[in-house]
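Understanding the architecture of this molecule
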Amino acid sequence: MTTIFINIKELLQTRTSTIEKVSGQEMKILPSIKNAYLLVKDDEIIDYGVMNDTCFGIADEVIDCTGKIVMPTWIDSHTHIVYAGNREQEFVDRINGLTYEEIANRGGGIVNSAEKLQNTSEEDLYKQSKKRLEEVMQLGTGAVEIKSGYGLTPEAEMKMLRVIRKLKQEYKLPVKATFLGAHAVPKAFKNNTAGYIDQVINEMLPAIANENLADYIDIFCEKGYFSIEDTKRVLAAGKKYGLKPKIHVNQFNIIGGVAAGVEYNALSVDHLEVISDEDIEILKNSETMPVALPSCSYFLSIPYTPARKLIDAGLPLALATDFNPGSTPSGNMNFVISTACIKMKMTPEEAINAATINAAYAMGISESHGSITVGKKANLILTKEIPSYGFLPYAFGTNNIDSVFINGKKI
Ligand SMILES: N=CN[C@@H](CCC(=O)O)C(=O)O
Ligand SMILES: [Zn+2]
């Protein structure tokens, strides 16, 4: 089955060679073709270029894109979309003056979500999660990483990872599973963080590896959660099972998480709302992708990742949602790119690069996704009629997506 998209106002992120990521000044450049066509065979991009007479009559299906933009789908490399219920009450508590930290110290936060999830059946958890996945796909997300970490017991962590596996099986978009057993210390291990880390390493990890339930390993490296020592123990253990790290660091405090991530060759270090010059130097000498989560900063009213500082230092940057019930109850990548432009002073080109090709790198799929390249999967966004691609971040809150294609098929 062949499909041709014709009269495309502008085809974005066209890359002739398979690049892995773009860094620093390169992020300002978003290659594109105006008045373009794009030819798809089954699930793959097979050709594209400037519109010409040969475009007519060569495909089984023709999609007229007059006035519309075509681009690769958003790639969301950091989410927690498998969770139970919500934390609306904590949202109101914060409005009334409590901080995120104070709520966690009172037994709310991640352990609150864990209690809810432990009392939710696998079937119900799947139903709640698939609804969120379907919603974000309609908003243009064509690949998603999903973390465990709201189980905090061997049984509940496995339940989360099985739900992620089911999502992987039922939906056509790439889904990567990350084991985040060390997300918070559960009540049963109060004042015994080392004991919980032992359980993560000695009980959870082998069982997860045995069922091949995870692609990556994560830990919340932060004051009041897990130390650098805990982080290194977990990452070393994950490595034995072939799990590359993608870790939560520098959300509230700089405690050395970036250096630990780079030391263990992390695919990405995520959050970075606070970051030191030393961290930037360490990242410069690494293959690790920094990932910013602007919706989290928006929702918690915490600093935004200093994107300008990172990009101007020559680093790459990816953007993701962090969709979760506590700090970011939104999986809308369109809002993420708008917020990155508005609050972090990224240009539209930088934000689109960060949410497509660099995001693909942060998920380990840049060989097959993240750009319009011959041989890559046809995961595409077709916009509504808009004046230019800059309109996407500019018109924040407006849904400018006409349709989304996964593996060449409209969803
Ligand atoms: N910071 C750690 N984990 C999640 C939030 C967890 C929660 O509050 O439920 C995050 O990335 O923001
Ligand atoms: Zn997160």
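Owing to the predicted nature of the structure, the values given are computational and were not obtained by experimental measurement.

Here the largest pocket is characterised by a volume of approximately 740 Å³. In terms of lining residues, the largest pocket is bounded by 29 residues, among which Glu101, Ala104, Asn105, Gly224 and Tyr225 are the most central. Elements with a minimum of two residues in the lining of the largest pocket: helix 2 (100-105), helix 3 (110-118) and helix 10 (294-300). Considering every element that reaches the lining of the largest pocket, the biggest residue donor is helix 2, with four residues. Its residues assigned to classes, the lining of the largest pocket comprises 13 nonpolar, 10 polar and six charged. The volume enclosed by the second largest pocket comes to roughly 200 Å³. For the second largest pocket, the lining is made up of 13 residues, of which Asn86, Arg87, Glu88, Pro325 and Pro329 are closest to its centre. Counting only elements with at least two residues in the lining of the second largest pocket, the list comes to helix 1 (88-95) and helix 2. Here the element with the most residues in the lining of the second largest pocket is helix 1; it accounts for four residues. Of the residues that constitute the lining of the second largest pocket, the class distribution is seven nonpolar, two polar and four charged.

Below, the discussion takes up the UniProt feature "binding site: Fe(3+)" (unreviewed entry) in the protein. Here, UniProt's "binding site: Fe(3+)" (unreviewed entry) annotation points to His78, His80, His248 and Asp322. Spatial clustering of the annotated residues is evident: they stretch over 245 residues in sequence, but the largest pairwise C-alpha distance comes to 12.1 Å. Of the annotated residues named above, the ones that line the largest cavity are His80, His248 and Asp322. Structurally, His80 is set in the loop between strand 6 (74-76) and helix 1. If we ignore the near neighbours within four places in the chain, the residues touching His80 are Lys147, Ser148, Tyr150, Leu180, His183, His248, Asp322, Phe323 and Asn324. His248 sits in the buried class, given a relative accessible area of 3%. Excluding residues that lie within four positions of it along the chain, His248 makes contacts with His78, His80, Lys147, Leu180, Asp218, Ile219, Phe220, Cys221, Asp270, His271 and Asp322.

Our focus in this paragraph is the site of ligand 1. Among the 15 residues in the neighbourhood of ligand 1, the closest are listed as Tyr100, Tyr150, His183, Gln251 and Ser327. His271 places a side-chain nitrogen or oxygen 2.8 Å from an oxygen atom of ligand 1. One nitrogen or oxygen atom from the side chain of Ser327 is found 2.6 Å from an oxygen atom belonging to ligand 1. Using a 2 Å cut-off from the grid points, one finds that ligand 1 occupies the largest cavity.

Below, the discussion takes up the coordination of the zinc ion (ligand 2). Donor atoms from the polypeptide that coordinate the zinc ion (ligand 2) comprise His78 (NE2), His80 (NE2), His248 (NE2) and Asp322 (OD), at 2.0 to 2.2 Å from the metal. Binding-site remark: the zinc ion (ligand 2) is held by donors from one chain whose sequence spacing is H-x1-H-x167-H-x73-D. One end of the pair, His248, is in strand 10 (residues 244-249); the other, Asp322, is in the loop between strand 13 (318-319) and helix 12 (333-344), and 74 residues separate them in sequence. You'll find His248 and Asp322 in the same group, each marked buried.

Conventions and cut-offs
The residue count restarts for each chain, going from 1 along the sequence in the order it is written. Key to labels: chains lettered from A, ligands numbered from 1, both in the order written. Where local features are concerned, this predicted model is filtered to residues with pLDDT of at least 70; where side-chain atom pairs are given and counted, the filter is 80 or more; whole-chain, interface and lining totals use all residues. Note: side-chain values were computed over all heavy atoms of the structure, leaving out hydrogens and water. Any residue with an atom within 4 Å of a point lines the site, the site being either a cavity, points on a 1 Å grid over the protein atoms alone where a 1.4 Å probe fits but cannot get out, or a pocket, an open set with protein on both sides within 12 Å along at least 5 of 7 lines. Grid points are joined across faces, edges and corners, and a volume is the space filled by probe spheres set on the points. Numbering of helices and strands starts at the N terminus; helices are DSSP runs of H or I of at least 4 residues and strands are runs of E of at least 2. Residue type decides the class: Asp, Glu, Lys and Arg count as charged, Ala, Val, Leu, Ile, Met, Phe, Trp, Tyr, Cys and Pro as nonpolar, and the leftover types, Gly among them, as polar. UniProt positions are given in the numbering used here, feature names are shortened, and annotations may be inferred rather than shown by experiment. In this analysis, two residues are considered to be in contact whenever any of their non-hydrogen atoms come within 4.5 Å of each other. Burial classes follow relative accessibility: with a 1.4 Å probe on protein chains only, a residue under 20% of its type's maximum area counts as buried, one over 50% as exposed, and anything between as partly exposed. A single heavy atom is enough: if one lies within 4 Å of a molecule or strand, its residue is considered near that molecule or strand. Under this definition, polar contacts are N or O atom pairs within 3.5 Å; protein pairs additionally need one hydrogen-donor-capable and one acceptor-capable atom, and for neighbouring residues in sequence, both atoms have to be side-chain atoms. By definition, a pocket or cavity contains a molecule when more than half of the molecule's atoms lie within 2 Å of the pocket's grid points. We call an atom a donor if it is N, O or S and sits within 2.8 Å of the metal, or 3.2 Å for Na, K and Ca. Water is not counted, so some sites may look partial.

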